[in-house]
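Residue-level structural notes
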Amino acid sequence: MGPFSFLRDERLVAVGVGIAAIGCAAAMRALLLRSRDKAEIQPTQPKAQYITQDTEDSLGLATLNTLLQHYNFAIRDTTLRIVAGRAVNDKSALEDLLWGITRKDYDERMQSLRALTFALEDNSYRNSLVAALHTSKGYGAIVRSLELGLDDVKHDKLDDPLYDEYYLRDMCEQRCLLLVSLLIHSFGVERLVEAKFVERWLARQPWGDTDEERRINFALYMDRKKNRISSICFNLRASRAGFKALVRARLETKVRKPKRDKSMNTKDEDDGAFGTFQTELMLRVNDQSLEEQRLRRRHREAMVWNDGTHSLGRGDIIEREHDPAG
């Protein structure tokens, strides 16, 4: 048999042909997949486009007004943010908004308040707006807007501690209280008290008919309800000027300092005498010798035996018999 005699084996030839066929099929499939992937048309990815500060500054009022009427919500939202950012940095625009929230016309007042609260939604210039409102004119305008809102809606008496009416209040009041809350959490309540927030709005809420009823309902409101009004009142109560304003508005009672009782002086004297007695006792014990102290401890040793069937008596105390020899 020659070296190539195994090629005559039909089984080996069949295996070789099968392997070749499988290899050809796999190669054809790979070529077809590669051709298909190359022929596929990929969609063009949209490029991110950003508006630079120069582009924002170049937009005129007429252009902004046109963009505000655009059908695309994203364009309208971006335009609103540009307008709000300009208003925050423009002193005259902010003064116009503060003037608008003090108008008697409800729609005009609501429009200006909506613009102010919309500007607060963006964290990039929220602090700038709050700092711009931290003026006597800003506090006065907010309090005036709250005062005008007293005639818009009539509230029921605030005597139900289980019913929180805050979320049913008018949106003008809620927006003004939002501005007040942001201001006092950043700068305190001193300017708010100076603007007579307590006298002009808080005291005019329907707390009750009598002074006692007003104080009780106000205390229950503070204790039971957790809303923006109670938070503002809590900050007022924590401030000396705010607490005085609440007292003048008959919502709090002036706290008097308790007088020092004479019995406290007597107690202090008794404590001093007891301390002197303890000091003298310690000196006497230190003067005794070690043997005398050992005998005193042995004389104090005793055992109490009582099974609980009767009250404790002298007969239940068993003292140790003392050995005269020690």
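Residues numbered from 1 in each chain as written. Predicted model: local features only at pLDDT ≥ 70, side-chain atom pairs only at ≥ 80, totals over all residues. Heavy atoms only, no water.

Glancing now at the environment of L68. Following the sequence through the fold, L68 ends up in helix α3 (residues 61-68). Accessibility expressed as a relative area gives 27% for L68, which makes it partly exposed. It is 9.7 Å that separates the C-alpha atoms of L68 and V83, two residues lying 15 residues apart in sequence. Other than its neighbours up to four places away in sequence, L68 contacts R76, T79 and L80. (Helix = DSSP H or I, 4+ residues; strand = E, 2+ residues; numbered from the N terminus. Buried < 20%, exposed > 50% of the residue type's maximum accessible area, 1.4 Å probe, protein only. Contact = heavy atoms within 4.5 Å.)

At a minimum axis distance of 10 Å, the contact between helix α7 (residues 126-133) and helix α9 (residues 171-187) shows a crossing angle of 90 degrees. Comparing the axis directions of α7 and α9 gives the class roughly perpendicular. Along the contact surface, α7 presents V130, A131 and L133, while α9 presents L179, L182, L183, S186 and F187. Here the residues of the contact of α7 with α9 sort into seven nonpolar, one polar and no charged. (Axes fitted to C-alpha atoms, helices over the stretch in contact; angles between N-to-C directions. Parallel < 35°, antiparallel > 145°, perpendicular 65-115°, else oblique. Nonpolar A, V, L, I, M, F, W, Y, C, P; charged D, E, K, R; others polar.)

Within the structure shown, the criterion is met by one cavity of 30 Å³ or more. Its volume calculated, the largest cavity comes out at about 40 Å³. What lines the largest cavity is simply L158, D159, D160, P161, N217, L220, Y221 and K225. By residue class, the composition of the lining of the largest cavity is four nonpolar, one polar and three charged. (1 Å grid on protein atoms, 1.4 Å probe; cavity = no way out; pocket = protein on both sides within 12 Å on 5 of 7 lines; lining within 4 Å. Points joined across faces, edges and corners; volume = space filled by probe spheres on them.)

As a further point, take the pattern of salt bridges. One pass over the full model with this rule turns up 14 salt bridges. With a closest N to O distance of 3.5 Å, D209 and K157 form a salt bridge. Separated by 52 residues along the polypeptide, D209 in the loop between α11 (197-200) and α12 (211-224) and K157 in the loop between α8 (136-149) and α9 bring together distant segments of the chain. Among the ionic pairs, D223 bridges to R224, the shortest N-O distance being 3.5 Å. The exposure class of D223 is exposed, given its relative accessible area of 53%. In this structure R224 comes out as partly exposed when scored by relative accessible area, which is 48%. Each of R144, E147, R200 and R204 takes part in one network of salt bridges that share partners. (Salt bridge = Lys/Arg side-chain N within 4 Å of Asp/Glu carboxyl O.)

This part is about the side chain of D170. Inspection of the secondary structure puts D170 in the loop between α8 and α9. This buried residue, D170, is left without a salt bridge; R109 holds the nearest opposite charge, at 5.8 Å. Within the structure, the side chain of D170 is placed 3.0 Å from the backbone nitrogen of C172, a separation counted as a polar contact. The residues contacting D170, other than those within four sequence positions of it, are Y106 and V153. (Lys, Arg positive; Asp, Glu negative; His and termini not counted. Polar contact = N/O pair within 3.5 Å; in protein donor to acceptor, adjacent residues only side chain to side chain.)

A few words now on the layout of surface pockets. Taken as a whole, the largest pocket encloses approximately 630 Å³ of empty space. Lining the largest pocket are 21 residues, and of these V83, A84, A87, L97 and A115 lie nearest its centre. Those elements that place two or more of their residues in the lining of the largest pocket are α3, α4 (73-89), α5 (91-100) and α6 (106-120). Counting residues per element, the lining of the largest pocket draws most heavily on α4, at six residues. Considered class by class, the residues forming the lining of the largest pocket number 15 nonpolar, two polar and four charged. Of the pockets and cavities examined, the second largest pocket occupies roughly 150 Å³. Lining the second largest pocket, in full, are H155, D156, K157, L158, D159, D160, Y163, E165, L168, R169 and K225. Tallied by class, residues from the lining of the second largest pocket come to three nonpolar, one polar and seven charged.

Spatial relationships are all this shows, so hold off on functional conclusions.
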